[in-house]
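So the chains spell out like this:
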There are 2 protein chains.
Amino acid sequence: MVKVFAPGVVKLFGEHAVVYGKPALAATIDRGVYVECEKGDRLVVETVGVPASLRYFPEEKRAEALGSERFFAYIDAALRVAEELWGSLRARFTIKSDLPPGIGAATSAAVSVGVLKAYSLCAGVEVDAYSLAKLGHRVELEVQGIASPMDTAATSIGGVLKIWASPFRLEKLNASLPPFYIAVLPRVGTTREIVADVKALLDRRRSAANVIEAIGSLVEEAHACLLAGDLECLGELMYMNNWLLGALGVVDGRVVTLLEMARPFIYGGKISGAGRGGVVLLLPREGTMVERVLNSLGHVYHKVAITETGAAAV
Amino acid sequence: MVKVFAPGVVKLFGEHAVVYGKPALAATIDRGVYVECEKGDRLVVETVGVPASLRYFPEEKRAEALGSERFFAYIDAALRVAEELWGSLRARFTIKSDLPPGIGAATSAAVSVGVLKAYSLCAGVEVDAYSLAKLGHRVELEVQGIASPMDTAATSIGGVLKIWASPFRLEKLNASLPPFYIAVLPRVGTTREIVADVKALLDRRRSAANVIEAIGSLVEEAHACLLAGDLECLGELMYMNNWLLGALGVVDGRVVTLLEMARPFIYGGKISGAGRGGVVLLLPREGTMVERVLNSLGHVYHKVAITETGAAAV
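What counts and how
Residues numbered from 1 in each chain as written. Chains lettered and ligands numbered in written order. Predicted model: local features only at pLDDT ≥ 70, side-chain atom pairs only at ≥ 80, totals over all residues. Heavy atoms only, no water. Helix = DSSP H or I, 4+ residues; strand = E, 2+ residues; numbered from the N terminus. Rg over C-alpha atoms; globule rule 2.2 N^0.38 Å. Buried < 20%, exposed > 50% of the residue type's maximum accessible area, 1.4 Å probe, protein only. Areas by Shrake-Rupley, 256 points an atom, 1.4 Å probe, with all protein chains shown as cover. Contact = heavy atoms within 4.5 Å. Salt bridge = Lys/Arg side-chain N within 4 Å of Asp/Glu carboxyl O. Disulfide = S-S within 2.5 Å. Axes fitted to C-alpha atoms, helices over the stretch in contact; angles between N-to-C directions. Parallel < 35°, antiparallel > 145°, perpendicular 65-115°, else oblique. Left-handed = near helix turned anticlockwise from the far one by under 90°. Buried area = accessible area lost by both parts, 1.4 Å probe. Polar contact = N/O pair within 3.5 Å; in protein donor to acceptor, adjacent residues only side chain to side chain.

Engineer: So what's going on with the overall build of chain A? Residues and values would help.
Structural biologist: When helices and strands are counted, chain A shows 9 helices and 13 strands. Its C-alpha atoms give chain A a radius of gyration of 19 Å, within 12% of the compact-globule value 20 Å for 314 residues. Burial analysis of chain A (314 residues in total) assigns 60% to the buried set. In the structure as shown, chain A presents an accessible area of about 12000 Å², 53% of it carried by carbon and sulfur atoms.

Shown next as structure tokens:
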């Protein structure tokens, strides 16, 4: 049996500005999507956990539970791409995520890439990370019509990455971070809607362009602090990045309150991803106290570590 | 009897960045400091209201209540400057403020300028607004050692002003705003401490300079929107300015929560002044609802209108 782990992705710095030509810093974490593949007599996909336990029969396009159509769209597209490349396969896929979907932690990219990777291994093919990144992007493009190649590249390649969106390129950084926390706040709006709102703000108020510039230059400073392992600097720049994201309309009071309450116990923190809830990063000084704050506010949270590798057999 | 009103001053846009060469937009409001002067047989200064009811005998440097030494320092210096220019005066001064001191609404400037203006009128001298501005600045310099000429100029001249700090100049704008709200939040730190913290941040993290740039360009856009009377634009830029001030470390969760709760009923809002509490401006769409939100949060607030004139007999 093949078992693949495709890591979730957090944006350390630079989300939104990355859409406008600035680099972003992203990292893969030790939570994400597990895909098992075991050859059998028919093609079956079973998902366990978030958002529900479901059983799916691709050949009949039939699921044994309601909802999650969008989730299955990624699986369908990944299976189609995989079959085209590596031939048809009779197998049982089991997909399990230890991150909730739709929080901005790249779970759809991890599902797409994880299924591709597991399929290839099950079919006896070795695919390198960069090819996997391209195939994953093709899956997201098929499902979403338009898609950033960032998440699929990050979950395929792994580690701490500096990424430019257009033209797409990435650089793997020789950087690490101690384990940190991600809190998950209920999300208001989808990534696509939020990105469209930021675009509208930029069209409406010319001052918003300077916020993008400020984020872009902050990413460069954060890059240097990452390489130096300077947590004080990274934390302070996270706060600053978070307020700048607020100026683009994607941070709300829940996040500000959380960061304020955790402030004595963290170097800094920020939303990660499109915002309006979703993932909030907290870089801890005192983990136990951070957990207390998160518990007292009733937030769902995980302690995570950065992974060096992307989607791979485990 | 002479009665002078010296208006309080709010910063509509650009505080903090004004220290680094950017222009700011300020306006005088119909709350501030009242100074009465009535000739008598000795020099007496009586303050009514905030922070307490006090009686002060300048000749003996004796006050009949404790505290407020700093407040009296402005009065002392203003009386000294006035006596030097316009001769000694035996009179009873009564000072009343309808704004609390130390909230960043220029009450110390208003006290200085109000006393100077009342003294001059009581002594039968007419002082023009620009001379008054210079004298007021001299008073603040004597008390504080270092002082911005902005507040004293604004309370002397009145109206909506575009102000540059260094070299100091100002431009009176032909602009108006409908009445708006100021909420007063307990202040954490003095203006001087907060300004020093921002300076330290700028020295420490080069990204902060881009935040100053972003605020500077936002002030120019706000200037255009003010002239056009575009409240939608002004409100949106107020929010943006507030988040940018957050990136400088001077906005806290109380302000974000207040603006978020008031959001359906305002065009926008922001802190006014050095921050960490103090004055919060709210540009209302629906005044009654804004008042309800302010009451529900237990904030002290005032409805204010912009005044066209500076310190003058009333």
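Engineer: Just give me the short version of helix α4 (residues 150–157) of chain A, but keep the residues and values in it.
Structural biologist: Residues and elements named next belong to chain A. With 8 of 8 residues buried, α4 is to be regarded as a mostly interior element. For α4, the complete set of buried residues consists of M150, D151, T152, A153, A154, T155, S156 and I157. Buried residues in α4 make contact with β1 (2–13), β2 (24–39), α2 (107–122), α3 (129–144), β7 (160–165) and β8 (168–173). Looking one or two residues beyond α4, the residue adopting positive phi is G158, at roughly 80°.

Engineer: Talk me through the pattern of salt bridges; I want residue IDs and the actual numbers.
Structural biologist: Scanning the model with the defined rule gives 30 salt bridges over all chains in all. Here E236(B) ties to R205(A) by a salt bridge, and the two come within 2.6 Å at their closest N and O atoms. Of the two residues, E236(B) sits in helix α7 (residues 231–247) while R205(A) sits in the loop between α5 (191–204) and α6 (207–228), which places them in two different chains. Each of the two residues, E236(B) as well as R205(A), counts as buried. For the salt bridge of K11(B) with D151(B), the shortest nitrogen-to-oxygen distance reads 2.6 Å. You can see K11(B) sitting in strand β1 (residues 2–13) and its partner D151(B) sitting in helix α4 (residues 150–157), a full 140 residues away along the chain. Overall, the relative accessible area of 9% leaves K11(B) in the buried class. The exposure class assigned to D151(B) is buried, which follows from its relative accessible area of 19%.

Engineer: I'd love a proper account of the state of the cysteines, names of residues and values included.
Structural biologist: Cysteine pairs can be linked by a disulfide, which is a covalent bond between their two sulfur atoms. Residues and elements named next belong to chain A. Applying the stated criterion across every chain, the model contains 4 disulfides over all chains. Paired by a disulfide, C37 and C122 hold their sulfur atoms 2.1 Å apart. Given an S-S torsion of about -95°, the disulfide between C37 and C122 has left-handed geometry. Of this pair, C37 sits in strand β2 while C122 sits in helix α2; the two residues are 85 residues apart in sequence, bridging distant segments of the chain. Summarising the burial analysis for this pair, C37 and C122 share the class buried. The disulfide bridge from C225 ends at C233, spanning 2.0 Å between sulfur atoms. Residues C225 and C233 are joined through a disulfide that is right-handed, its torsion about the S-S bond being 60°.

Engineer: I'd like to hear about the packing of helix α2 (residues 107–122) of chain B against α4(B), residue by residue, with values.
Structural biologist: All names here are of chain B. Where α2 meets α4, the axes come as close as 8 Å, and the angle between the chain directions of the two elements is 55°. If you check the angle between α2 and α4, you find them oblique. Helix-helix and strand crossings are classified by hand; for α2 and α4 the assignment is right-handed. Residues A109, A110 and V113 of α2 form the contact with α4, whose participating residues are D151, T152, T155 and S156.

Engineer: Quick rundown of the interface of chain B and chain A? Include the residues and the values.
Structural biologist: Between chain B and chain A, the residue contacts involve 30 residues of the former and 30 residues of the latter. Summing both partners gives a buried area of about 2500 Å² for chain B against chain A, and 56% of it is carried by carbon and sulfur. Looking only at chain B, the three residues that lose the most surface to chain A are R205(B), M240(B) and W243(B), adding up to 28% of its buried area. At the surface where chain B touches chain A, the tally comes to 4 salt bridges. At the surface where chain B touches chain A, the tally comes to 14 residue pairs in polar contact (both at pLDDT 80 or more).

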